[in-house]
Amino acid sequence: MKVERVEAPEQLPPAWREAMATWVNALGEPLRLSWAPGQTLFVLEQDGHLLACARLVAPIDENRALQDGDGPSAGLAASDELRFHFHVGKLVHLCDELRLFSPQQILLLGNDLCDATEIADLAVDPLAHEGALKLRLLLTAVVKAHEGRSRLYADLQGHRDTDGLSPFWRGLGARFLPVQGSQPGVGARWRRNFAELLPALPLYVSLMDDASRACIGRIGPAAQCAREALQAAGFRAGAYVKIDDAGPTWEL
Amino acid sequence: MNPTDLLLRPATPADLASLERIAASSVHGIGSLPHDRDKLLHRLVLAEQSFQSEDVASGEESYLFLLEHQGRVIGCSGIAASAGFHERFYSYRNEFMVHASRGLGVTRRMHTLHLCHDLTGATLLTSFYIDPDYEATMAPELLSRARLLFIRRFADRFPGARIAAEMPGVSDDQGHSPFWSAVGERFFKMSYPDAERVSDGRNKALIADLMPRTPVYVGLLPAQAQMSIGQLHPVGELPFQILFREGFEADTYVDVFDAGPTVVAHLDQLATVRQASTLPVRPAEGSKARQQGASMAEEGPASDRSQWHLLAAGPRTSFRATLGLLDGRAAALDPDSAAAQRLGLRAGDRVDVAPLRLPQLKGAHHEG
């Protein structure tokens, strides 16, 4: 088994491309088969057979953010890469006279991870034996190759109920975007657009329904394997969650 | 009941027994009358001081009036000179924020509640309670609206630009409010009646300090709590309708605890104040005919032009108000009329009058 880097989509062998087209990533979404310059696909392969992959998305730098939209990367450029997360924080409401001490969990929308490198499309061959182990091998190589540069993070799918639906989406997102229906949308671009509909000020978790609250930082089925691998590779759950289903962000 | 038998006057500590009786029959948490003898006495002492005080109004004044029918107390109403006094007065203000995503082509109007201090310093109408036996009479009108004549008469004691009244929000028989359960209780871990008790009715600043500091998105609350926003408790229907007909508006503010409507208006926009005038007390020409008119008032309208009026007179400590029949175009009040006698007026005094029946409000079609 060895890890290789694929810098541009055109360099992807057709067999790998076909394999990737059938996989889902740690968000439970299909993988992207094309990507902008500045992103690198890391793959784990054995005898030419694709076993796992992870795509590194570098932080947006000022040059790319302000780039005109007519270059070769038009349509895939910086603004799509702007990531929104909820920071899960606390506010303590204190009243001495009533002897009340009330720590409140709050969600604050922001681009806190804009200077970090995202590990997107973290995925493993669904038929692979000991998938988490293979994903860990890949992650360890990624971490080593990335050493000394910006911090790394990976988003994970949030909790799903027995019907495969996200209670957090039902309790929060769907109230701001009812036309979307019972499932959040797919992809970074969709999340970026959806973020525009969310409140800019802190949201008190206390005011949300119980099922939504219970989702914060909890992972869904698509993220099980990735979470094991991230943990083994030294990543830890941070203070951020996804804005659509409250799945956690694991950081290194 | 003969409306001329009604008399509104300032409450004094000697009225403790009457006030206790009233407080005991009012629903808990409504009418801002605690079921507590010491607190009621304190309230009466404060009211007496407020009526007596010759100092420049400090804003702490809390006036309390009692309504008597043939000498028996049948209701009370109050005025707090400055909402929140030296503290802050909290309300939720209804606002609509438009959230939009160009990428998704979606625009969404979101109803939010903003914690605000807009009504700090406003004149606050409080403590309205009427004996249920008198609900269908003219007594509630006198009890509520005489306060407006008092404020008009002693305008320098009420520097607030606006006048407001908190109306009870919906709650069940145990006093549980769906809005409190969805919002307040998440921050205090105590029931609504307990919270009311702890915050001492009027001073809600303590508890409001603990409330969420950012807008509450109404759409995130349970359906029952959403529906309760701006909803009136049935016991508030009568006092609400009186104020609504006056010209108070109920769309902007709700209570931070139970989301009942807080109605607001500018004093000079209110119907009673706009229609009020001050008349001298002097015998009219043909005084004898008038006297007969006044005595006929015992049975009903004396003439086509006679209409029921609110009448108020006196300095603060001996402020009195009643109802009386008066020709709408009268230039003076006859000292022999029933109303003048009820108010203890003599020739040379001045009396404030306002018609009981207000012109129909535009848009008030729902009243039939």
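Residues take numbers from 1 onward in each chain, read along the sequence in its written order. For naming, the first written chain is A and the first written ligand is 1, with later ones following in the order written. Whole-chain, interface and lining totals are the exception, using all residues; otherwise, since this is a predicted model, local features are given only for residues with pLDDT of at least 70 and side-chain atom pairs are given and counted only at 80 or more. Note that the side-chain values use all heavy atoms of the structure and ignore hydrogens as well as water.

A.B. asks: What is the right way to read the overall build of chain A from this model?
C.D. replies: Only runs of H or I of at least four residues qualify as helices and only runs of E of at least two qualify as strands under DSSP, and these elements are numbered from the N terminus. Helix and strand content of chain A: 8 helices and 10 strands. Two things to know: the radius of gyration comes from C-alpha atoms, and the globule rule equals 2.2 Å times the number of residues to the power 0.38. Against the globule reference of 18 Å for 252 residues, chain A gives a C-alpha radius of gyration of 19 Å, in line with a compact fold. Summarising its shape, the C-alpha atoms of chain A cover approximately 70 × 45 × 40 Å along the three principal directions. Within chain A, buried positions represent 52% of all 252 residues. A contact between two residues is defined here by any heavy atoms of the two lying within 4.5 Å. Of the contacts formed within chain A by residues at least 6 apart in sequence, a portion of 70% connects residues at least 24 apart. Of note, chain A has its 25 positive side-chain charges centred 4 Å away from the centre of its 32 negative side-chain charges. Throughout this description, buried means an accessible area under 20% of the type-specific maximum (1.4 Å probe, protein chains only), exposed means over 50%, and partly exposed covers the range between. Positive charges come from Lys and Arg, negative ones from Asp and Glu, while His and the chain ends are left out of the count. All charge positions are set by atom: Lys at NZ, Arg at CZ, Asp at CG, Glu at CD.

A.B. asks: Would you mind showing me how to read the nonpolar core here?
C.D. replies: The nonpolar side chains of a soluble globular protein tend to be buried with one another. Counting residues in hydrophobic clusters, the biggest one holds 45 residues, and the most contacted among them are Leu67, Leu125 and Phe150 of chain B. Per element, the largest residue contribution to this core is 8 residues, and it comes from helix α3 (residues 139–153) of chain B. Those residues within four positions of Leu125 of chain B in sequence are excluded, and the remaining contacts are Gly78, Ile79, Arg147, Leu148, Ile151, Ile163, Ala164, Ala165, Glu166, Leu243 and Phe248 of chain B. Only buried residues count toward a nonpolar core, which is a set of Ala, Val, Leu, Ile, Met, Phe, Trp, Tyr and Cys residues joined through side-chain atoms within 4.5 Å. Leu98 of chain A together with Tyr90, Phe179 and Met211 of chain B belong to the second largest nonpolar core, which has 30 residues in total.

A.B. asks: Can you walk me through the pairing of strand β6 (residues 123–130) of chain B in this structure?
C.D. replies: Where a strand is regular, its side chains alternate between the two sheet faces. Residues and elements named next belong to chain B. In terms of residue burial, β6 counts as a mostly covered element, since 8 of its 8 residues are buried. Two strands pair when backbone bridges link them, and strand β3 (residues 72–80) and β6 are joined in this way by 5 bridges, in the antiparallel orientation. Among the inter-strand pairings, Gly78 is bridged to a residue of β6, identified as Thr126. The parallel pair β6 and strand β7 (residues 163–166), bridged by α3, forms a crossover whose chirality is right-handed. In this scheme, strands are said to pair when DSSP sees at least two bridges between them. Crossovers are marked right-handed if the path from the first strand over the helix to the second runs clockwise, as seen with the strands pointing away from the viewer.

A.B. asks: I'm lost on the interface of chain B and chain A in this one. Help?
C.D. replies: Interface extent is often summarised as the accessible area lost during association of the parts. Taken residue by residue, the interface counts 31 residues in chain B and 33 residues in chain A. Buried area adds together the accessible area that both of two parts lose upon being put together, with accessible area traced by a 1.4 Å probe. Each partner contributes to the roughly 2,600 Å² buried at the junction of chain B and chain A, and carbon and sulfur atoms together form 67% of this total. Among the residues of chain B in contact with chain A, Phe187, Leu210 and Leu220 of chain B are the three that bury the most area, contributing 25% of the side total. Definition used for salt bridges: Asp or Glu carboxyl oxygen within 4 Å of a side-chain nitrogen of Lys or Arg. Our count for the chain B to chain A interface comes out at 0 salt bridges. In protein, a polar contact means a hydrogen-donor-capable atom and an acceptor-capable atom, both N or O and within 3.5 Å, with residues adjacent in sequence counting only if both atoms are side-chain atoms; elsewhere, any N or O pair within 3.5 Å suffices. Between chain B and chain A we count 12 residue pairs in polar contact (both at pLDDT 80 or more) in total. Residue assignment for the side of chain B that touches chain A shows that the elements contributing at least two residues are β4 (91–101), β5 (106–116), α5 (184–188), α7 (205–208) and β8 (216–217) of chain B. The residue classification treats Ala, Val, Leu, Ile, Met, Phe, Trp, Tyr, Cys and Pro as nonpolar and Asp, Glu, Lys and Arg as charged. All others, Gly included, are polar. A breakdown of the residues in the side of chain B that touches chain A according to their chemical character gives 20 nonpolar, 6 polar and 5 charged.

A.B. asks: Please explain the packing of aromatic side chains as it appears in this structure.
C.D. replies: Two numbers describe a pair of aromatic rings. These are the distance of the centres and the angle of the planes. Residues and elements named next belong to chain A. Geometry of aromatic contacts follows a simple scheme: Phe, Tyr and Trp rings, the Trp one being its six-membered ring, pair when their centres are within 6.5 Å, and the pair is stacked under 30 degrees between planes, edge-to-face over 60, tilted otherwise. The full count for this structure, using the stated rule, is 20 aromatic pairs over all chains. Consider the rings of Trp169 and Phe194, whose centres lie 5.2 Å apart with planes at 55 degrees: the pair is tilted. Separated by 25 residues along the polypeptide, Trp169 in helix α5 (residues 167–176) and Phe194 in helix α6 (residues 188–195) bring together distant segments of the chain. As far as the burial class goes, Trp169 and Phe194 line up, both buried.

A.B. asks: Looking at this structure, I do not really get helix α4 (residues 131–146) of chain A. What am I missing?
C.D. replies: Side chains three or four residues apart in an α-helix point the same way, a direct result of the helix having 3.6 residues per turn. All names here are of chain A. To estimate the expected span of a helix, count its residues, drop one, and scale the result by 1.5 Å. Spanning 16 residues, α4 covers 22 Å between terminal C-alpha atoms, matching the ideal 22 Å at 1.5 Å per step. Turning to α4, its buried residues number three or more, namely Gly131, Ala132, Lys134, Leu135, Leu138, Leu139, Val142 and His146. Each buried residue of α4 sits inside an arc of 160 degrees when the element is viewed along its axis, so together they form one side. For α4, the elements touching its buried residues are β1 (2–6), β2 (39–46), β3 (49–57), β6 (117–124), β7 (152–155) and α8 (224–232). The positive-phi residue at the C-terminal boundary of α4 is Gly148, with phi of around 85 degrees. Working definition: the arc comes from the directions between the helix axis and the C-beta atoms, pointing outward to the latter.

A.B. asks: Looking at this structure, how should I read a nonpolar patch on the surface?
C.D. replies: All names here are of chain A. Only residues whose relative accessible area exceeds 30% and that form no salt bridge are eligible for patches; like-charged ones are grouped when within 9 Å, while nonpolar side chains (Val, Leu, Ile, Met, Phe, Trp, Tyr) are grouped when within 5 Å. Method for areas: the Shrake-Rupley scheme with a 1.4 Å probe, in which residue coverage is limited to the protein chains shown. On the surface, Val92, Leu94 and Phe101 cluster together into a nonpolar patch covering about 310 Å² of accessible area. Relative to the helices and strands, Val92 resides in strand β4 (residues 85–95). Among the residues examined, Val92 registers a relative accessible area of 39% and is labelled partly exposed.

A.B. asks: Help me understand the packing of helix α1 (residues 16–25) of chain B against helix α2 (residues 37–52) of chain B, please; the structure alone is not making it clear to me.
C.D. replies: For any two helices packed against each other, the geometry is given by the interaxial angle and the distance between the axes. Residues and elements named next belong to chain B. In contact at an axis separation of 10 Å, α1 and α2 are set at 125 degrees when each is read in the N-to-C sense. Of the possible angle classes, the one that applies to α1 and α2 is oblique. In the crossing of α1 with α2, the sense of the turn from one axis to the other is right-handed. Across from Leu16, Leu19, Glu20 and Ala23 in α1, the residues of α2 making contact are Arg37, Leu40, Leu41 and Leu44. Within the contact of α1 with α2, the residues separate by chemical class into 6 nonpolar, no polar and 2 charged. The axes are straight lines fitted to the C-alpha atoms, using for helices just the contacting stretch, and the angles between their N-to-C directions are given from 0 to 180°. When describing relative orientation, an angle under 35 degrees is termed roughly parallel and one over 145 degrees roughly antiparallel, while 65 to 115 degrees is termed roughly perpendicular and anything else oblique. Two helices cross in a left-handed way if the nearer one is turned anticlockwise from the farther one by less than a right angle. They cross in a right-handed way if the turn is clockwise.

A.B. asks: Help me understand the sheet that holds strand β8 (residues 203–204) of chain A, please; the structure alone is not making it clear to me.
C.D. replies: Each strand in a sheet pairs with another by means of backbone hydrogen bonds, the pair being arranged parallel or else antiparallel. The 10 strands lie next to each other as β1-β2-β3-β6-β7-β10-β9-β4-β5-β8 (chain A), forming an open sheet whose pairing is mixed. The open sheet is flanked by β1 and β8 of chain A, the only strands paired with a single partner.

A.B. asks: Help me understand unusual backbone geometry in this model?
C.D. replies: Glycine aside, residues mostly have negative phi angles, and peptide bonds mostly take the trans form. Look at Asp121 of chain A: it is not a glycine, yet its phi comes out positive at around 45 degrees. Following the sequence through the fold, Asp121 of chain A ends up in strand β6.

A.B. asks: What am I meant to see in the confidence of the model for chain A here?
C.D. replies: Reading predicted coordinates in detail is not appropriate for stretches of low pLDDT. A residue-level look at chain A finds 92% of positions with pLDDT of 70 or above and a mean pLDDT of 90. Note on residues 69–76 of chain A: pLDDT is under 50 here. Beyond four places in sequence and across chains, it has 9 contacts. In predicted models, pLDDT denotes the confidence assigned by the predictor to each residue on a 0 to 100 scale.

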